[in-house]
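Letter by letter, the chains look like this.
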Amino acid sequence: MAKNQTTAKEKKREFPDVYALVFLMCIAAMAATWIVPAGSFERVTEGTLTKVVAGSFQYIDRVPQTPWDMLQAIFQGCINSAGTIFMIMFCGAAVNMLDESKALTAAFSTMARKLQGKEAVAIGVIMFALGLGNAAGVFANIGTAIILIGVFMSRAMGGDAFLGFLIIYWGLQSGFSVGFANPSILGVAQTLAEVPIFSGMGPRVICCLLNITYLYVLTLFYFKAIKKDPTRSLNYEEGMKLSDYIGPTEGSADDTKMTKRQMITVAVFFLGVIFCVTFTILNSWPAKKIASFFIGLAVVTGILSGFSMNEIARKFVKGCQPMVYASFVTGLASAVAVILNNGKVIDTIVNFLSLPLAAMGSVLGAGFMVIINVLINVLVPSGSGQAAMVMPLMVPIADLVGITRQVAVQAFQFGDGLGNLITPLNGPMMGCLALVGVSFPKYIKWAFKFLVIQYLVAAVITMGLSAAGWVGF
C-alpha cells in the first residue's frame, strides 16, 4: 500500500512531456485571445523589410481563437517549420548511415584516445570557433544538423549526450546571442535605429568574448560534475547503468582500429559536412538546401560503406525514426506564435510592455529594455522579425527618455539573443534537446540560475552604457 502511495506521489510530481508542455502553452495562447484586447500597429514596407509605425497602435475587433482554430494553428506551425523538420530528419538519417558502418564509433574512439587529458582544450576550440563564427551569423541553420556529431564526440570524451548539446548548441548561441557582425539581426536593428551598420563594434566584441567564455566555463563545470558524480548527468534516470548514458570513462577508451574503408567513409562524410557549412556561409543556404544535401550525403555514405540499395533505404528510414520526436517539437513550438498572431494580440502585448519605459529614466529604462526584449522574444522568436517589430517602438521611447539609439539596439540584441536559451518556443533549441534526450523542464531547472545571471549582467552592462551616453560611432 505504502509503495503504491509513493508511486502515485512520484507520478503527481512528474514534469509534463515537452509535447504536453507546449500544448498547454497553445491552450494558454488561445485563452489569451479571449482575454487580451486585439490591437494592431500600422506597418510600412521598405524594400524587403516590413516595420511598424511608432505611435500607430490602435485597438481593433477581437478575433478570439477557438479550439478548432488552435488545432489548425498547430498544423500551420508544422507547415511553417517544414524545412527545419525535414532537415532534422535527413541529417539524422545521414549520421545514422555513418554510425551503421561502425566508422563513426571507430573514429571517435580514436579521437578519445588522443584527447585524454586534453578535453577542456578540445571543447574550448570548438565552442569558440562556433561562437565567433555565429557572431556574424555564418552558421545559421547548421546547428541542428551537427548536434548528433557533437553527441558522438561528447560520448567519446567520456561525457553524456547533454554535454554534446552544450558544446554545439550553447557554442553556437554564445556568439549569436551577442553577435557583433550579424547582418540579419544587428544590421536590421541598427538600420531601423538609423545608426551606422556594425558601429559600436568594440564593446560588442568584448561582450561576445565574455559570453562565449562564460558558457564555455559552465560547460566545463557540467563536464567535471558528471565525471565526478555521473548521477548528476541530465541524461541519468534511476536504474540506468553507467554505460547507458556516459561514454567511455578515463583510461577505458575503445582500442578499435579503423579500416581503410571506414577511414575513407569518415573522411568523405566530414568533408561533406564542411562543404555544406561552407555553402551555408557563402550562399546563405536555407534549411531546404541543407536537408537536400544530407539526403545525398546519406546515400553516398551508404555506398562507401558497402551497403546494398535495399540496406541504404532501410537504414535511411531507420535514421529518420528517432528524429521524428525532435522534428515535430520544432513545429509544435511555433504554433503558439501562430495562435497569438491569428488572434491579433501580439501587437497589444508588445505595446503594453513598451509603455513603462516612458516613465523611467535613461539608466533604469535601458536595463528594463533588456528584460522587455527577453519577454517579447518568447512571442516573436525570429530575430529579424523581432527587430522589425520592436525597434520602431523602442527608438522614439529611447529618444524621449534620453537613451541613445545605440544603447537601444544593444538592449534589443541582448534580449533577443539571450532569450533564445530560455524560451520553450524556440523550436531549434527544443528540437536539439529532444535529440539529446533531455526534457525542457529538466534543462531549465539546471540552467535557469546561470541564464538569470546572464540577463542581470546584460542589464547592468546596458545601464552602464546608457549612463556613459554610448553612441558607438
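Reading the values: the criteria
- Residues numbered from 1 in each chain as written.
- Predicted model: local features only at pLDDT ≥ 70, side-chain atom pairs only at ≥ 80, totals over all residues.
- Heavy atoms only, no water.
- Helix = DSSP H or I, 4+ residues; strand = E, 2+ residues; numbered from the N terminus.
- Buried < 20%, exposed > 50% of the residue type's maximum accessible area, 1.4 Å probe, protein only.
- Contact = heavy atoms within 4.5 Å.
- Areas by Shrake-Rupley, 256 points an atom, 1.4 Å probe, with all protein chains shown as cover.
- Salt bridge = Lys/Arg side-chain N within 4 Å of Asp/Glu carboxyl O.
- Core = buried A, V, L, I, M, F, W, Y, C linked by side-chain atoms within 4.5 Å.
- Patch = residues over 30% accessible without salt bridge, like charges linked within 9 Å, V, L, I, M, F, W, Y side chains within 5 Å.
- pLDDT = per-residue confidence, 0-100.
- Axes fitted to C-alpha atoms, helices over the stretch in contact; angles between N-to-C directions.
- Parallel < 35°, antiparallel > 145°, perpendicular 65-115°, else oblique.
- Left-handed = near helix turned anticlockwise from the far one by under 90°.
- Nonpolar A, V, L, I, M, F, W, Y, C, P; charged D, E, K, R; others polar.
- Expected span 1.5 Å × (residues − 1).
- Arc of directions from axis to C-beta.

All right, on to the overall build of the protein chain then. When helices and strands are counted, the protein chain shows 22 helices and four strands. Here the protein chain holds 473 residues, and the buried ones make up 53% of them. Across the protein chain, every contact between residues at least 6 apart in sequence was considered, and the portion connecting residues at least 24 apart equals 79%. Counting every atom, the protein chain has about 20,800 Å² of accessible surface; 67% of that belongs to carbon and sulfur.

Under the definition given, this model contains six salt bridges. The salt bridge involving Arg-405 is made with Glu-194; its shortest N-O contact spans 3.0 Å. Residue Arg-405 is located in helix H20 (residues 405-419), and its partner Glu-194 is located in the loop between helix H9 (183-192) and helix H10 (201-228); the two are separated by 211 residues in the primary sequence. The shortest N-O distance in the salt bridge between Arg-405 and Asp-399 comes to 2.7 Å. For Asp-399, a relative accessible area of 40% gives the class partly exposed.

What follows is about the nonpolar core. Counting 149 residues, the largest nonpolar core has Phe-162, Phe-165, Trp-170 and Tyr-443 as its most contacted members. With 11 residues, the top contributor of residues to this core is helix H4 (residues 82-100). Setting aside residues up to four positions removed in sequence, Tyr-443 forms contacts with Phe-162, Phe-165, Trp-170, Leu-234, Leu-421, Met-429, Leu-433, Val-438 and Leu-451.

On to a nonpolar patch on the surface, then. Nonpolar side chains collect at one region of the surface, where Phe-23, Leu-24, Ile-27, Trp-68 and Leu-71 lie side by side and expose about 500 Å² of accessible area between them. Residue assignment for the nonpolar patch shows that the elements contributing at least two residues are helix H2 (18-35) and helix H3 (67-80). No other element matches the three residues that H2 contributes to the nonpolar patch. As for its placement among the helices and strands, Leu-71 is situated in helix H3. Overall, the relative accessible area of 44% leaves Leu-71 in the partly exposed class.

Moving on, we come to the confidence of the model for the protein chain. On average, residues of the protein chain score 83 in pLDDT, and 89% of them are at 70 or above. A low-confidence stretch, residues 8-12 (pLDDT under 50), is modelled with zero contacts involving residues beyond four sequence positions or located in other chains. Confidence drops under pLDDT 50 across residues 250-254; counting only partners more than four residues distant or on other chains, this segment forms nine contacts.

With that settled, consider the packing of H3 against helix H16 (residues 335-342). Across the interface, H3 lies against H16 with an axial gap of 8 Å and an inter-helix angle of 125°. When the interaxial angle is binned, H3 and H16 end up oblique. In the packing of H3 onto H16, the handedness of the crossing is right-handed. In this structure, H3 uses Met-70, Ala-73, Ile-74, Gln-76, Gly-77 and Asn-80 to contact H16, whose residues at the interface are Ala-335, Val-338 and Ile-339. In terms of residue class, the contact of H3 with H16 is built from six nonpolar, three polar and no charged.

Compared with the 20 Å implied by 1.5 Å per residue over 14 residues, the 20 Å span of H3 between its first and last C-alpha is a close match. The complete set of buried residues in H3 reads Met-70, Ala-73, Ile-74, Gly-77 and Cys-78. Projected down its long axis, H3 shows its buried positions confined to an angular sector of 140°, all on one face. Exposed and oriented more than 90 degrees from the buried face of H3 are Trp-68 and Phe-75.

Our next topic: H2. The terminal C-alpha atoms of H2, which comprises 18 residues, lie 26 Å apart, in line with the 26 Å expected from a rise of 1.5 Å per residue. Listing the buried residues of H2 in full gives Val-18, Leu-21, Val-22, Cys-26, Ala-29, Met-30, Ala-32 and Thr-33.

Positionally, Ala-181 belongs in the loop between helix H8 (161-176) and H9. We classify Ala-181 as buried; its relative accessible area is 19%. With 49 residues separating them along the chain, Ala-181 and Leu-132 place their C-alpha atoms 9.8 Å apart. The residues contacting Ala-181, other than those within four sequence positions of it, are Ala-135, Ala-136, Leu-186, Phe-198 and Met-201.

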